[in-house]
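So the chains spell out like this:
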2 protein chains.
Amino acid sequence: MDQKITRDPAMTDVARLAGVSHQTVSRVLNDHPNVREQTRLRVRAAIKELGYRPNRAARALVTGKTQLIGVVAQNSTLYGPASLLSAFEEAAGEAGFAVSVGRVKVLDRDSIAAAVERHRDQRVAGIVVIAPNSSAADALADVPADLPLVTVDGDPERPTPLVTVDQGAGAFEATAHLLQAGHATVWHVSGPPDWFDAAGRVAGWRQALETYHAEVPPVVAADWSAAAGYKAGQMLARMPEVTAVFASNDHLALGVLRAMHERGRRVPHDVSVVGFDDVPEAAYFIPPLTTVRPDFAAVARETLGLLLEQVSEGESIRPRRTIAPVLVQRESVAPPA
Amino acid sequence: MDQKITRDPAMTDVARLAGVSHQTVSRVLNDHPNVREQTRLRVRAAIKELGYRPNRAARALVTGKTQLIGVVAQNSTLYGPASLLSAFEEAAGEAGFAVSVGRVKVLDRDSIAAAVERHRDQRVAGIVVIAPNSSAADALADVPADLPLVTVDGDPERPTPLVTVDQGAGAFEATAHLLQAGHATVWHVSGPPDWFDAAGRVAGWRQALETYHAEVPPVVAADWSAAAGYKAGQMLARMPEVTAVFASNDHLALGVLRAMHERGRRVPHDVSVVGFDDVPEAAYFIPPLTTVRPDFAAVARETLGLLLEQVSEGESIRPRRTIAPVLVQRESVAPPA
DNA sequence: ACCGATGATGTTAGCGATAACACCCGTCAG
DNA sequence: CTGACGGGTGTTATCGCTAACATCATCGGT
């Protein structure tokens, strides 16, 4: 005959074993001050002996709060968002929060609203939305204000709590680096125009050109793919006056490299190229790519901090945080021939 | 003066508005049969009017079950695991389950055990572990058997429920493709030896060589990075007898391409290269990479299905599932010179 | 020696849902 | 005509926890 499957031990079981009331067990668990040291030890021993594990559902029911953070992100494997998400999950885990991820196929209003609703259903303590483009940012207007919410990579123009990489500063540095190498100007292959990251990089690029009194060539608009970078590169490769290209991310840069290669324009001898993101394999492109590296771990930390401030205090004194990226120099930049 | 912040509507509020008992509301919510159609409509209307949202914590407390699935994954942005995770989150979301991700810095026993514990604390309905190497697989021995658990990319030798890409078949196909192009043999740059994916690919490669009665050269062991591929490639590029290389993933292949390029060995004219994963930018390597594409969405679907079978039925009739990948032909393979 | 403050603990009342059972009322077979 | 049956509904207990209050020593100040 099977042994009767007993239910998981509850607080009362611990209390009985320790010879105290369940409330005292609760106090020990929540680090209340007024518990005698000896009692505390007895309770802890009982907890250990029974393998007791507090029931979060019960706690959530009575307190009305959970230790859950919802994240809304697009279902993509783009390096930036994926790194960010991963870093955030780790940071939150270390802070004792569980992270529930709601993936969304497209970042439109309906999908985001639905994902946020699902998270509200779960009574999350707060929500992080990775909202890197304007449709996503628009959708946030629908989110009720009673729920702590932090936007990552969102619209810098909006007054919502936001953490983002300083795209402008990174792009400025990349462009300035090329100009300082002696190039007359720098062409730019941009990401999708409705992405804030892309827009910010365009702005930084333009500002650098203006600062150095260089001519501002037209932006070559693309998306984030190597395919688009290749196409843009094919065009740029045919133009002899193009000697320096700043691509809005490393995969675009990869496409540009390939197009230049096919056209017989050597990098960096004939054309210099700089990317953005510092994907792990960027150091092994042909040639190794000079690029801009954002600190995703820092973004994740700031995001978590900002969210928790809102959770505990209702709002934050410093609701906008910007993380400056650094330029990583490799071998894709040289003075013009 | 502030309006009093009223709490979220509960079932009793809906009941009062609809003029029924809270239990009837519960019945409507759970689609119980014995509710008059008219009552059902009245209740639904009340739910809508109040914006009522069932409290999952309360439900979990009384039923002892949650709609939460825990995932344990490494904190990395490797393309395979990241794609898998993303696909799984989407699949689970569509099935009405929330996914709580526990990231782990390294896949060792302690970290995994801790992550699993955190998920148990949350009373997840089941756990998915992305356990692509042996240390991770070992750690699973510690996981109590009372919790539904599915391993993804885990040890094919273990009798646990498992879903994995058919590494052997993919590697076989890649190798056979090179041999059929006329190469006398195929060299292999492998991933980390303790990863099952890598081991499976080595096995498939070897099997193909044996099937075609080709000589089996020594395995060039690396990790998953472009850096390691570059190093391996530098060695292989110096060996004139090397005309075909199967790299265990696309980033390794990228490193090999670069090494070949630097050494003046043209791909595919002098050396053919095949990768594995079909990362989005593989089509824009120089030259576009022939590679093996796993279907991560299928893996995710099978994983979810397997887990839910265990949750509802205790076990599964078909606890091991394998997804066959396909060869994607591009321009990095040609007959030997 | 008395008394209020303080510390350590116990008791009771919910949180918001589901489960189990009770109840009412038609319908239908005997 | 009556009693068994079952659909539709309400009532009550319960899940495991925390909040709020109650209780009872102990202790220092007058």
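The rules behind the values
Residues numbered from 1 in each chain as written. Chains lettered and ligands numbered in written order. Predicted model: local features only at pLDDT ≥ 70, side-chain atom pairs only at ≥ 80, totals over all residues. Heavy atoms only, no water. Helix = DSSP H or I, 4+ residues; strand = E, 2+ residues; numbered from the N terminus. Rg over C-alpha atoms; globule rule 2.2 N^0.38 Å. Contact = heavy atoms within 4.5 Å. Areas by Shrake-Rupley, 256 points an atom, 1.4 Å probe, with all protein chains shown as cover. Lys, Arg positive; Asp, Glu negative; His and termini not counted. Charge placed at Lys NZ, Arg CZ, Asp CG, Glu CD. Near = heavy atom within 4 Å. Polar contact = N/O pair within 3.5 Å; in protein donor to acceptor, adjacent residues only side chain to side chain. Buried < 20%, exposed > 50% of the residue type's maximum accessible area, 1.4 Å probe, protein only. Axes fitted to C-alpha atoms, helices over the stretch in contact; angles between N-to-C directions. Parallel < 35°, antiparallel > 145°, perpendicular 65-115°, else oblique. Left-handed = near helix turned anticlockwise from the far one by under 90°. Nonpolar A, V, L, I, M, F, W, Y, C, P; charged D, E, K, R; others polar. Domains from an automatic or database assignment. Buried area = accessible area lost by both parts, 1.4 Å probe. Salt bridge = Lys/Arg side-chain N within 4 Å of Asp/Glu carboxyl O. Least-squares fit on C-alpha atoms with pLDDT ≥ 70 in both. Pairing = 2+ DSSP bridges. Right-handed = clockwise from strand over helix to strand, strands pointing away.

1. Some details on the overall build of chain A
Phase 1 of the analysis: Along chain A, the regular secondary structure elements total 12 helices and 12 strands.
Phase 2 of the analysis: For 337 residues, the compact-globule formula gives about 20 Å, and the C-alpha radius of gyration of chain A, at 26 Å, lies well above that figure.
Phase 3 of the analysis: Summarising its shape, the C-alpha atoms of chain A cover approximately 85 × 40 × 40 Å along the three principal directions.
Phase 4 of the analysis: Considering only residue pairs separated by 6 or more positions, chain A has 71% of its internal contacts joining residues 24 or more positions apart.
Phase 5 of the analysis: Carbon and sulfur atoms make up 52% of the accessible area of chain A, which totals about 14800 Å².
Phase 6 of the analysis: Where the 34 positive side-chain charges of chain A centre and where its 39 negative ones centre are 8 Å apart.

2. What to know about the protein's contact with DNA strand D
Phase 1 of the analysis: Around DNA strand D sit 27 residues in total, of which Met11, Ser26 and Tyr52 of chain A together with Ser21 and Thr39 of chain B are the nearest.
Phase 2 of the analysis: Within 4 Å of the protein, the atoms of DNA strand D are drawn from sugar and phosphate moieties in a proportion of 59%.
Phase 3 of the analysis: With respect to DNA strand D, the backbone of alanine 58 of chain A contributes an N or O atom lying 3.5 Å from a base nitrogen.
Phase 4 of the analysis: Breaking the surface near DNA strand D down by element, the ones donating at least two residues are α2 (22-29) and α4 (56-63) of chain A together with α2 (22-29) and α4 (56-63) of chain B.
Phase 5 of the analysis: By residue number, the principal contributor to the surface near DNA strand D is α4 of chain A, which donates 5 residues.

3. A word on the environment of alanine 228 of chain A
Residues and elements named next belong to chain A.
Phase 1 of the analysis: Within the secondary structure, alanine 228 is located in helix α10 (residues 226-237).
Phase 2 of the analysis: In this structure alanine 228 comes out as buried when scored by relative accessible area, which is 15%.
Phase 3 of the analysis: Sequence separation between alanine 228 and leucine 252 is 24 residues; the distance between their C-alpha atoms is 6.6 Å.
Phase 4 of the analysis: Every residue in contact with alanine 228, bar those within four places of it in the chain, is listed here: Ala222, Asp223 and Leu252.

4. Considerations on the packing of helix α1 (residues 11-18) of chain B against helix α3 (residues 37-50) of chain B
Residues and elements named next belong to chain B.
Phase 1 of the analysis: The interhelical angle for the contact between α1 and α3, taken along N-to-C directions, is 120 degrees, at an axis separation of 9 Å. Taken together, the axis directions place α1 and α3 in an arrangement best described as oblique. The two elements α1 and α3 meet at a crossing, and its hand is right-handed. Contacts from Asp13, Val14, Leu17 and Ala18 in α1 reach Arg42, Val43, Ala46, Ile47, Glu49 and Leu50 in α3.
Phase 2 of the analysis: Taken together, the residues of the contact of α1 with α3 break down into 7 nonpolar, no polar and 3 charged.

5. Observations concerning the domain arrangement of chain A
Phase 1 of the analysis: We note that the domain assignment places domain 1 (11-54), domain 2 (66-164 + 296-323) and domain 3 (167-294) within chain A.
Phase 2 of the analysis: If you average the C-alpha positions of domain 1 of chain A and of domain 3 of chain A, the two centres end up 61 Å apart.

6. Points about the protein's contact with DNA strand C
Phase 1 of the analysis: Near DNA strand C there are 28 residues, and of these Ser21 and Thr39 of chain A together with Met11, Ser26 and Tyr52 of chain B occur at the shortest range.
Phase 2 of the analysis: Each atom of DNA strand C within 4 Å of the protein was classed as base or backbone; sugar and phosphate made up 57%.
Phase 3 of the analysis: At a separation of 3.5 Å, a base oxygen of DNA strand C approaches a polar side-chain atom of histidine 22 of chain A.
Phase 4 of the analysis: Between a phosphate oxygen of DNA strand C and a main-chain N or O atom of arginine 36 of chain A, the distance comes to 2.8 Å.
Phase 5 of the analysis: Put simply, the parts of the chain that give the surface near DNA strand C at least two residues each are α2 and α4 of chain A together with α2 and α4 of chain B.
Phase 6 of the analysis: No other element matches the 5 residues that α4 of chain B contributes to the surface near DNA strand C.
Phase 7 of the analysis: Its residues assigned to classes, the surface near DNA strand C comprises 11 nonpolar, 13 polar and 4 charged.

7. Section: the interface of chain B and chain A
A common way to express how large an interface is: the accessible area buried when the components associate.
Phase 1 of the analysis: If you look at the interface, chain B gives 45 residues, while chain A gives 45 residues.
Phase 2 of the analysis: Between chain B and chain A, the buried area comes to about 4500 Å², and carbon and sulfur atoms account for 54% of it.
Phase 3 of the analysis: In this structure, the connection of chain B to chain A is made through 12 salt bridges.
Phase 4 of the analysis: A salt bridge links aspartate 8 of chain A to arginine 123 of chain B; the nearest nitrogen and oxygen atoms lie 3.9 Å apart.
Phase 5 of the analysis: There are 20 residue pairs in polar contact (both at pLDDT 80 or more) connecting chain B and chain A.
Phase 6 of the analysis: For the side of chain B that touches chain A, the elements supplying multiple residues, two or more each, are α4, α5 (79-94), β2 (98-104), α6 (109-121), α10 (226-237) and α11 (250-262) of chain B.
Phase 7 of the analysis: No other element matches the 8 residues that α5 of chain B contributes to the side of chain B that touches chain A.
Phase 8 of the analysis: Its residues assigned to classes, the side of chain B that touches chain A shows 21 nonpolar, 10 polar and 14 charged.

8. Details of unusual backbone geometry
Phase 1 of the analysis: Each neighbour pair has its own omega, and for valine 267 of chain A with proline 268 of chain A the value is 10 degrees, a cis peptide bond.
Phase 2 of the analysis: Tracing the backbone through its elements, the reader meets proline 268 of chain A in the loop between α11 (250-262) and β9 (272-274).
Phase 3 of the analysis: Phi angles above zero are rare outside glycine, and aspartate 31 of chain B is one such case at about 55 degrees.
Phase 4 of the analysis: Tracing the sequence through the fold places aspartate 31 of chain B in the loop between α2 and α3.
Phase 5 of the analysis: On the basis of relative accessibility, which here comes to 57%, the residue aspartate 31 of chain B falls in the exposed class.

9. Observations regarding the environment of alanine 324 of chain B
Phase 1 of the analysis: Checked against the element boundaries, alanine 324 of chain B lands in the loop between β11 (320-323) and β12 (326-328).
Phase 2 of the analysis: Spatially, the C-alpha atoms of alanine 324 of chain B and alanine 82 of chain B are 19 Å apart, while their sequence positions differ by 242 residues.

10. So, the relation of the copies chain B and chain A
Phase 1 of the analysis: Mapping chain B onto chain A calls for a rotation angle of 180 degrees and an axial translation of 0.0 Å; the resulting RMSD is 0.2 Å. This pairing of chains is accounted for by a two-fold axis.

11. Some points on the pairing of strand β8 (residues 244-247) of chain A
All names here are of chain A.
Phase 1 of the analysis: The side-chain alternation of β8 yields two buried faces, one formed by Ala244 and Phe246 and the other by Val245 and Ala247.
Phase 2 of the analysis: Relative to β8, strand β6 (residues 187-190) runs parallel, the two being bridged by 3 bridges. From the neighbouring strand, histidine 188 faces β8, where its bridge partner is phenylalanine 246.
Phase 3 of the analysis: Pairing analysis gives 3 bridges linking β8 to β9, with the strands arranged parallel. Across the sheet, the residue bridging to valine 245 is valine 273, located in β9.
Phase 4 of the analysis: In this fold, the crossover linking β8 to β9 by way of α11 has right-handed handedness.

12. Remarks on the sheet that holds strand β9 (residues 272-274) of chain B
Residues and elements named next belong to chain B.
Phase 1 of the analysis: Ordered in space as β7-β6-β8-β9, the 4 strands form an open sheet in which the pairing is parallel. Each of the sheet's edge strands pairs with one partner strand only, and the pair in question is β7 (220-221) and β9.
Phase 2 of the analysis: Across the sheet, helix α8 (residues 167-180) touches β8 (244-247) and β9, and the angle it forms with β8 is around 165 degrees.
Phase 3 of the analysis: Its contacts with the sheet put α11 on β6 (187-190), β8 and β9, and the angle it makes with β8 is roughly 150 degrees.

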